[in-house]
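Now for the letters of each chain:
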Amino acid sequence: MPARTPSSPTTGLPGGEFGLIEWIRQRTGSHPLVDVGIGDDAAMLSWPTTHPALVAVDMLVENVHFDLSRAKPEQVGHKALAVNLSDIAAMGGQPLAAVVSVALPRGSQHDLGQRLHDGLITLAEQTGVALAGGDTTATDGPLVVSVTVIGTPLEGGPILRSGARPGDRLLVTGYLGNSRERHHLDFTPRLAESVGLVESGGLHAMIDISDGLAADLHHVLTASGVGARLNASDIPTREPDTPVRDGRTPLAHAVADGEDFELLAAVDPRVAEELVAAPPCGTPLSDIGEIVPGSGVELVMPNGHIVPLPPLGYEHRID
Ligand code: ADP
Ligand code: MG
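Every value quoted in this text rests on a predicted model; they were computed, and no experiment measured them. (Residues numbered from 1 in each chain as written. Chains lettered and ligands numbered in written order. Predicted model: local features only at pLDDT ≥ 70, side-chain atom pairs only at ≥ 80, totals over all residues. Heavy atoms only, no water.)

Visitor: Which parts of the structure should I look at to understand the nonpolar core?
Guide: The tendency in soluble globular proteins is for nonpolar side chains to be buried as a group. Of all hydrophobic cores here, the largest spans 35 residues; its most connected members are L81, V145 and V147. Of all the secondary structure elements, the ones that give two or more residues to this core are helix 1 (16–28), strand 3 (54–61), helix 2 (73–90), strand 4 (93–105), helix 3 (112–127) and strand 6 (144–153). Not counting residues within four places of it along the chain, the set of residues in contact with V147 comprises A56, V57, D58, A80, L81, N84, A98, V99, V100 and L120. Residues L213, L221, I235 and A266 belong to the second largest nonpolar core, which totals 29 residues. (Core = buried A, V, L, I, M, F, W, Y, C linked by side-chain atoms within 4.5 Å. Buried < 20%, exposed > 50% of the residue type's maximum accessible area, 1.4 Å probe, protein only. Helix = DSSP H or I, 4+ residues; strand = E, 2+ residues; numbered from the N terminus. Contact = heavy atoms within 4.5 Å.)

Here's what the structure looks like:
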């Protein structure tokens, strides 16, 4: 018989794995979709629709995606769920349930696990998403949190990256280039905006801006086999009260920064005009350009010069 392993993978977690899971179970409460939740070997959900399931997963790693000296644990938990909700929103979907896996550094602060889950569960409650289960382990490495969300396409969804057509207008929610200095940890996933866009009936393609406007627009163009022309003066840049610390212009940040988590949509031109005039849920919608035949992106600068915009924007090309 093999010798008993001297330490289980979860020793070193303050309060122990089971103490934390029990805390999470109580903090989570019940949810109408969850028939069997935290506490058994697998969760069982009452699937409320005959529509297919959408599934998204994203992993956050300490010192790669966040820095615990600058981010509160609650913010890490919020972000771990929010990035997945943003993906479901970008598909024209409604998120329904989530599961979470965490690797908590041995000897980390007593309440790290609780605070992380508190941020995650708060956002789950706000968005009606059930936390149906998860997995918890200790690690000698960095904090890792991976969330999987399942949902269902809205009526009229799913909206893929591949549906953009020449003549479509390119609409973007909110403001771009805000994320580095602040809201990448606190952003609100654009679920309500996605519902409004899908219900407009004119939505052809959509993506959430996680890698930056230029990079994510290229993903849509490649998938759709089309090009785009953007008007620099129509790109909604950071709010004026946000300082530009590094000498790069707001336009450079808006085009090249990642982690804005706004939605970029290709929309039938008539519907786009109505949407911009009366955004469905209060968040501004900007018309930043159009889909054209061909490939690649042309950026029309405020002085009328036209510059190519590569997948990753570089400040010297567009300033
Ligand atoms: P098993 O060994 O059968 O995988 P676990 O001890 O890993 O069981 O998990 C026990 C229960 O707690 C399961 O229902 C699981 O989904 C839930 N769970 C574990 N970790 C988490 C977590 N971080 N968040 C939510 N639920 C969790
Ligand atoms: Mg497990």
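Visitor: I would appreciate a short explanation of the pairing of strand 10 (residues 263–267) in the present structure.
Guide: Two faces belong to every sheet, and in a regular strand the side chains alternate between them. Most of strand 10 is tucked away: 5 of the 5 residues are buried. Burial along strand 10 is two-sided: L263, A265 and V267 and L264 and A266, pointing in opposite directions, are all buried. Relative to strand 10, strand 7 (residues 169–173) is paired through 4 bridges, and the arrangement is antiparallel. Bridging from a neighbouring strand, L170 pairs with A266 of strand 10. Here strand 8 (residues 203–208) pairs with strand 10 via 5 bridges, running antiparallel. Paired with D208 across the two strands is L263, which belongs to strand 10. (Pairing = 2+ DSSP bridges.)

Visitor: Teacher, can you tell me more about the pattern of salt bridges here?
Guide: Pairing is possible between side chains of opposite charge, provided their charged atoms come close. For the structure shown, the criterion picks out 14 salt bridges. Across the salt bridge formed by D140 and R106, the nearest N and O atoms sit 2.8 Å from each other. Here R106 lies in the loop between strand 4 and helix 3 and D140 lies in the loop between strand 5 (130–139) and strand 6, a separation of 34 residues in the sequence. When the shortest N-O distance is used, the salt bridge between R169 and E290 registers 3.8 Å. Pair noted here: R169 is in strand 7 and E290 is in strand 11 (residues 285–292), with a separation of 121 residues, a long-range link. Exposure remark for R169: the relative accessible area of 22% places this residue in the partly exposed category. Within the structure, one salt-bridge network assembled from shared partners comprises R169, R229, D287, E290 and E298. (Salt bridge = Lys/Arg side-chain N within 4 Å of Asp/Glu carboxyl O.)

Fair warning: the whole summary comes from geometry, so function is off the table for now.
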